[in-house]
Amino acid sequence: MRSVALSALVVLASSTFAVADDEELSAKFVPTTIKAPFLEQFTDTWTERWTPSGATKKTPVGGETFSYVGKWEVEAPIIPVMEGEKGLVAKTTAAHHAISAPLKEPVGVSTEPLVVQYEVKFQNGGNCGGGYMKLLEEGYQADGEAFSDKTPWSIMFGPDLTCPGSKVHFIFNHLNQTSGEYEEKHLKYPPVPTIERNTVLYTLVVYSNNTYEVSVDGKSVNNGSLLESFDPPVNPLKIIADPDDKKPEDWVDASAIPDKNATKAGLPEDWDEDAPYEIPDDDAKKPEGWLDDEPDTVPDPDAEKPEEWDDEEDGDWIAPSIPNPKCDEAPGCGEWKRPLKANPAYKGKWMPPFIDNPDYKGPWAPRQIPNPNYFEDLTPALNLKKIGGVGIEIWTMTSDILFSNIYIGHSIEDAKKLAAETFDVKHALETAKSKDDGIKFDDETQQADWKEDPVAFIREKVFSFVELAKVDPVLAFKTKPETGAALTGALLTLFGMLGAVFGLVGGQQKPVTKSSKKTDAPTPDDKKKETAPVAPAGGEKHAEGGAKKRK
């Protein structure tokens, strides 16, 4: 009776703790009351604001197809921790996604800072997927359905999990006052994003004094100046090297030359230029037990000739060799040779000494001239094009990337309040859940380990490359160069082997006529030429970064 009561008490206590734990790991979403030029929590009216891209591109045969086939959905997270909260989810693997929403009124940097903040959640882990946003230039509002990678933007910000080279982008477009073209300015030392399945908060603040700050999960990870921390720099150099200045043909930039008057006179008599660097060690002795008459390898006594082996066609069967087991127990086998040692008589080849070059003029450098394309912009933050919309235009090999709680405005305090209402609550709950073995965030997309499972490792690499190549072959080779090179080498080796078998590689050899029990031996007429398969053309993928320009 006592044991039954004790068991009941344990069950009751367990259920009590379970209820308490459920209460601790749950929260209810309540739409914020914070106001901002743009604030999106993907409530039921989200379709009134967001437009999936309908942009098209030319096909190889001259037709048109949709550029962005990736599907978007607004739904709850796969593993929810806040009841009722939803986010915008990029659903499709190995696809381009694009969607955008206009701002009611354009915003920019003024006396108040520009604050951009949002949450992103790689629900299936990070494996070549973008999580960044583009702040589109004013005037975009009338062009929502045509949103594409060519739509002008003012700032691009957020994580990009590339393969390799993951980074948190902060790029802004700046007007070159001399050329009249816009140039992308990239952060010199971008932060590295965290690769996890929990929600991550990204915040960018740009101030009117040209300073900026990038924060991840509310902690500053990068800050600096728009004038100093970007490449190429906002303002070009005042003085540059003259591109038309060439080094004279008679210019001498060798500071020292061999002494032509030097001779070997005075060298020691025992200087032997031909003496070797190493010589046999005469003091060395052969180890005791060395087996001079034993070979290093012997035929495998356990090997057996295969049943299908035909001596007439395949030749005499020879057992494979294995290391001589007797050598394992002895210092060594075979002919013993003395080890080498440094030759004390070694002097090396005589070389004349170097002397100062009387014709030396010093290192040559082109003359410096004023930069004809120089201009000065001391207020790049204030001169940023105003923002008229927000767009997400990404390529991803990972499905179910979730965006939520987007804030674009001027109040750092309001952005922090929004994070406190949403991210801070979810971060605590997700962290607690990830520690719970019962509802652990198992990363199904975690890469296989070469040491633990080489077959799975190779299969994962190959499949990932092939899926990407189906959509964009050029991007596949750019993002996975090692896999592409390995597959190319394997294909070349395969075709080489096929060519050798069918007589395409090297000279053909007439078959030897002899009696054979086999009746299906190939004849020259049976040989057929192999043709290399033609790879299907893929879509274009414009590289992001570098010194891009646009009119």
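In what follows, the structure referred to is the one given above.
Residue numbers run consecutively from 1 along every chain, following the written order of its sequence. Local features are withheld for residues below a pLDDT of 70 in this predicted model, meaning they are given only at 70 or higher, and side-chain atom pairs are given and counted only at 80 or more; totals for whole chains, interfaces and linings count all residues. To obtain the side-chain values, all non-hydrogen atoms of the structure were used and water was disregarded.

Visitor: Even after reading the chapter, I still don't get the packing of aromatic side chains, so can you show me in this structure?
Guide: Here a Phe, Tyr or Trp ring, Trp counted by its six-membered ring, pairs with any other such ring whose centre lies within 6.5 Å, and the pair is stacked when the planes are under 30 degrees apart, edge-to-face when over 60, and tilted otherwise. Evaluated as defined, the whole model comprises 12 aromatic pairs. Plain terms: the ring middles of F170 and F172 are 6.3 Å apart, the flat faces sit at 45° to each other, and that makes the pair tilted. The exposure classification of F170 matches that of F172, with both residues buried. The interplanar angle of 65° and the centroid separation of 5.4 Å between the aromatic rings of F170 and Y212 together place this pair among those described as edge-to-face. With F170 in strand 14 (residues 167-175) and Y212 in strand 17 (residues 211-216), the pair connects residues that are 42 residues apart, well separated along the chain. Residues F170 and Y212 agree in their burial class; the two are buried. Members of the aromatic cluster, connected to one another through ring pairs, are W72, Y118, F157, Y202 and F403. Remark: exposure states derive from per-residue accessible area (1.4 Å probe, protein chains only) relative to the maximum for the residue type, with buried under 20%, exposed over 50%, and partly exposed in between. Starting at the N terminus, helices and strands are each numbered in turn, a helix being any DSSP run of H or I of at least four residues and a strand any DSSP run of E of at least two.

Visitor: Before we go on, may I ask you to explain the packing of helix 4 (residues 412-421) against helix 5 (residues 423-434) in this structure?
Guide: Helix packing for two helices is described by the angle between their axes and how far apart those axes are. Interhelical geometry of helix 4 versus helix 5 gives an angle of 35° and a closest axis separation of 3 Å. Across from L418, A419, A420 and E421 in helix 4, the residues of helix 5 making contact are F423, D424 and V425. Of the residues assigned to the contact of helix 4 with helix 5, the class counts are five nonpolar, no polar and two charged. Whenever a helix is involved, its axis is fitted only over the stretch in contact; in every case the axis is a line through C-alpha atoms, and angles between N-to-C directions fall within 0 to 180 degrees. Contacts were defined at the residue level, with two residues in contact if any of their heavy atoms lie within 4.5 Å. In this count, Pro and Cys sit with the nonpolar residues alongside Ala, Val, Leu, Ile, Met, Phe, Trp and Tyr, while Asp, Glu, Lys and Arg are called charged and the others, Gly among them, polar.

Visitor: Is there a simple way to think about helix 4 in this case?
Guide: Because each turn of an α-helix spans 3.6 residues, side chains separated by three or four positions end up pointing in the same direction. Buried residues of helix 4: D414, A415, L418 and A419, and no others. Projected onto a plane normal to the axis of helix 4, the buried residues spread over an arc of 140° and lie on a single side. Of the surrounding elements, those touching the buried residues of helix 4 are strand 2 (38-40), strand 10 (114-122), strand 16 (200-206), strand 29 (401-409) and helix 5. Each direction from the helix axis to a C-beta atom contributes to the arc, which is the arc of those directions.

Visitor: I tried to follow the state of the cysteines on my own but got confused; where do I start?
Guide: When the sulfur atoms of two cysteines share a covalent bond, that bond is a disulfide. Put simply, a disulfide is two cysteine sulfurs that come within 2.5 Å. All told, the structure shown has one disulfide when counted by the stated rule. Each sulfur in the disulfide pair C327 and C333 lies 2.0 Å from the other. Negative torsions about the S-S bond denote left-handed disulfides, and the value of about -120° found for C327 with C333 makes this one left-handed.

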